[in-house]
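The primary structure of each chain is shown beneath.
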Amino acid sequence: MISLAVPDAGVGHDPWWVILIKVLFIFVFLVVLTLFNIWWERRVVARMQQRIGPNVHGPQGLLQSLADGVKLMLKEDLMPKGVDRLVFVLAPAIVAVPAFLTFAVIPFGPTVKIPFTDTYTRLQLTDLPVSVLYVMAIASIGIYGIVLGGWSSNSTYSLLGGLRSSAQMISYEVAMGLALVTVFLFAGSLSTSEIVAAQSHQTVHWFGADIPLPGWYAFLLFPSFVIYVISMVGETNRAPFDLPEAEGELVAGFLTEYSSIKYAMFFLAEYINMATVSALATTLFLGGWRAPWPISIWDGANSGFWPVLWFMGKLMGFIFFYIWLRGTLPRLRYDQFMKFGWKVLIPISLAWILLVATVRAVGRETNFSRTTLLVAAAIVLLIAVISMFVPQKPKEEPAEVADGKEFDAFAGGFPVPPPLPSQQTEPKSKAGSRG
């Protein structure tokens, strides 16, 4: 029998060469994952639309993304007239660099022994007491790149796209941050590794037997999970919330004047941000690298390099959800999108935080089960949410009375179409005479 217990090396105590290997691994992992996600998205959407998708370059078209990347790097790099050259060049880097930095605090697995050495290390570059706040702060820096790219392009379409993106990402970051507050209340920490440990397991006593179930916050804090998933789609400017790049009205939004490698860096940052928010959702709501039930019954499921497989499975599940949304839902109107964020998600988040905090306080002071209280609070919140979507009775508008005069299309100084027949009303004198 081989002992599964390994010494916990912690974080911040690795040799320099281990840190270098981790940094290179994260960089290569994100680049390769981006290439794969682009290919996977094109194949899945093609299947949804009864097409074939990329199938020429490489086996099953796997090298199509690499070919596209090489093509972008070899294209002519155009610089429009009147642009702010320094800001125009720096904007793609401001977007791309923070996308890589956010993965520094994401745990891929437990402490393992590096093959062919006697060194133990945790499968995480570093950890902080406020790791989640670090991810949110670094992700916010990318907004500046999008806004500056749109402003420096000297184009109306780019400027409008940058303004849309800034308003959109800030609005949905508020809802995303509020969705995470309840996780902090239950885990008692903002450290990603400690939040994963807090979701290790829970036991349910059913029919005289103790049944181990995953202690995932996606189940325990389901409203927070739903709000986070919706917010992460809006945060990453993905369909159906890809309004900053609405080709029907803004050509390509903030990307209109970009080409070659600068365009590729924006594209790279978008897909890395998808992976980042998906990894954060996996860490905070789906137990991180811990094995799902019933695999978790196996004693060795959460040791060695097996947890990396469970983590990647959950991560790719969220990526598939992104692709599914893109191939299914149409783009929302901008006013609908902003109204949904400010008038629906944020109020629900605040109400849910209040309920969870109350449940925590009551559970500590009384003998009531916290799970029972949470279920009751979730039912109350669900009823409140349903009531928000009940259509209101339309207000009766007073009917306009026609004065019998002939319609003048040029009365306002410019031609306007006449009212539709259904919009025309008869004078009261005529209507009364018929009665």
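What you see is a predicted model, and the numbers here were worked out from it, not measured in a lab.

Thresholds applied
- Residues numbered from 1 in each chain as written.
- Predicted model: local features only at pLDDT ≥ 70, side-chain atom pairs only at ≥ 80, totals over all residues.
- Heavy atoms only, no water.
- 1 Å grid on protein atoms, 1.4 Å probe; cavity = no way out; pocket = protein on both sides within 12 Å on 5 of 7 lines; lining within 4 Å.
- Points joined across faces, edges and corners; volume = space filled by probe spheres on them.
- Helix = DSSP H or I, 4+ residues; strand = E, 2+ residues; numbered from the N terminus.
- Nonpolar A, V, L, I, M, F, W, Y, C, P; charged D, E, K, R; others polar.
- Patch = residues over 30% accessible without salt bridge, like charges linked within 9 Å, V, L, I, M, F, W, Y side chains within 5 Å.
- Areas by Shrake-Rupley, 256 points an atom, 1.4 Å probe, with all protein chains shown as cover.
- Salt bridge = Lys/Arg side-chain N within 4 Å of Asp/Glu carboxyl O.
- Buried < 20%, exposed > 50% of the residue type's maximum accessible area, 1.4 Å probe, protein only.
- Core = buried A, V, L, I, M, F, W, Y, C linked by side-chain atoms within 4.5 Å.
- Contact = heavy atoms within 4.5 Å.
- Phe/Tyr/Trp six-rings, centres within 6.5 Å; stacked < 30°, edge-to-face > 60°.
- Axes fitted to C-alpha atoms, helices over the stretch in contact; angles between N-to-C directions.
- Parallel < 35°, antiparallel > 145°, perpendicular 65-115°, else oblique.
- Left-handed = near helix turned anticlockwise from the far one by under 90°.

Colleague: Help me understand the layout of surface pockets in this model?
Modeller: Gaps left between atoms are located by rolling a probe of water-molecule size over the structure's atoms. By volume, the largest pocket amounts to about 940 Å³. Lining the largest pocket are 35 residues, and of these Ile 38, Leu 72, Phe 267, Leu 268 and Tyr 271 lie nearest its centre. Taken together, the elements giving at least two residues each to the lining of the largest pocket come down to helix 1 (16–48), helix 2 (64–74), helix 3 (85–101) and helix 10 (260–285). The class makeup of the residues in the lining of the largest pocket is 20 nonpolar, four polar and eleven charged.

Colleague: In this structure, what is going on with a nonpolar patch on the surface? I would like to understand it.
Modeller: A cluster of nonpolar side chains, Leu 63, Leu 66, Val 70, Met 73, Leu 74 and Ile 261, forms an exposed patch at the surface whose accessible area comes to about 570 Å². Per element, the largest residue contribution to the nonpolar patch is four residues, and it comes from helix 2. On the secondary structure map, Met 73 appears in helix 2.

Colleague: Got a minute to help me understand empty space enclosed by the protein in this structure?
Modeller: Enumeration according to the criterion identifies one cavity of 30 Å³ or more in this entry. Lining the largest cavity are 28 residues; nearest its centre among them are Met 169, Glu 235, Thr 236, Ala 269 and Asn 273. At the level of elements, helix 3, helix 4 (131–152), helix 5 (156–187) and helix 10 are the ones that each hand at least two residues to the lining of the largest cavity.

Colleague: Honestly, the pattern of salt bridges in this entry has me stumped. Any pointers?
Modeller: Close approach of charged atoms allows side chains of opposite charge to pair. Within this structure, the stated rule accounts for eight salt bridges. Across the pair Lys 113 and Asp 118 runs a salt bridge whose closest N-O atoms are separated by 3.8 Å. Taking the relative accessible area as the measure of exposure, Lys 113 reaches 39% and is therefore partly exposed. Note on Asp 118: relative accessible area 70%, which makes it exposed. Put simply, Glu 270 and Arg 238 hold a salt bridge, and the shortest N to O gap is 3.2 Å. In this pair, Glu 270 is assigned in helix 10 and Arg 238 in the loop between helix 8 (222–235) and helix 9 (247–250), connecting sequence segments 32 residues apart. Looking at Arg 238, the relative accessible area reads 3%, which means it is buried.

Colleague: Honestly, the nonpolar core in this entry has me stumped. Any pointers?
Modeller: Most often, soluble globular proteins keep nonpolar side chains buried together rather than apart. Ranked by internal contacts, the top residues of the largest apolar core, which has 89 residues, are Phe 103, Tyr 228, Met 232 and Phe 285. With twelve residues, the top contributor of residues to this core is helix 10. If we skip the residues at most four places from it in the chain, Met 232 touches Met 176, Val 277, Phe 318 and Tyr 322.

Colleague: Before we go on, may I ask you to explain the packing of aromatic side chains in this structure?
Modeller: By convention here, two paired aromatic rings are described through the distance between centres and the angle between planes. Inspection of every chain in the model, using the stated rule, returns 26 aromatic pairs. With a centroid separation of 5.9 Å and 80° between ring planes, the pair formed by Phe 25 and Phe 108 is classed as edge-to-face. One end of the pair, Phe 25, is in helix 1; the other, Phe 108, is in the loop between helix 3 and strand 1 (111–113), and 83 residues separate them in sequence. A relative accessible area of 6% places Phe 108 in the buried class. Through successive ring pairs, a cluster of aromatic residues spans Phe 25, Phe 29, Phe 103, Phe 108 and Phe 311.

Colleague: How should I be thinking about the packing of helix 8 against helix 12 (residues 334–365) in this particular structure?
Modeller: Relative orientation of the contacting elements helix 8 and helix 12 amounts to 150°, with a least axis distance of 11 Å. As summarised for this structure, helix 8 and helix 12 are arranged roughly antiparallel, according to the angle between their axes. Between helix 8 and helix 12 lies a crossing whose hand is left-handed. Contacts between helix 8 and helix 12 involve Pro 223, Ser 224, Ile 227, Ile 230, Ser 231 and Gly 234 on the former and, on the latter, Phe 337, Phe 340, Leu 345, Ile 348, Ser 349 and Trp 352. Classifying every residue of the contact of helix 8 with helix 12 gives eight nonpolar, four polar and no charged.

In short, geometric facts, not functional conclusions.
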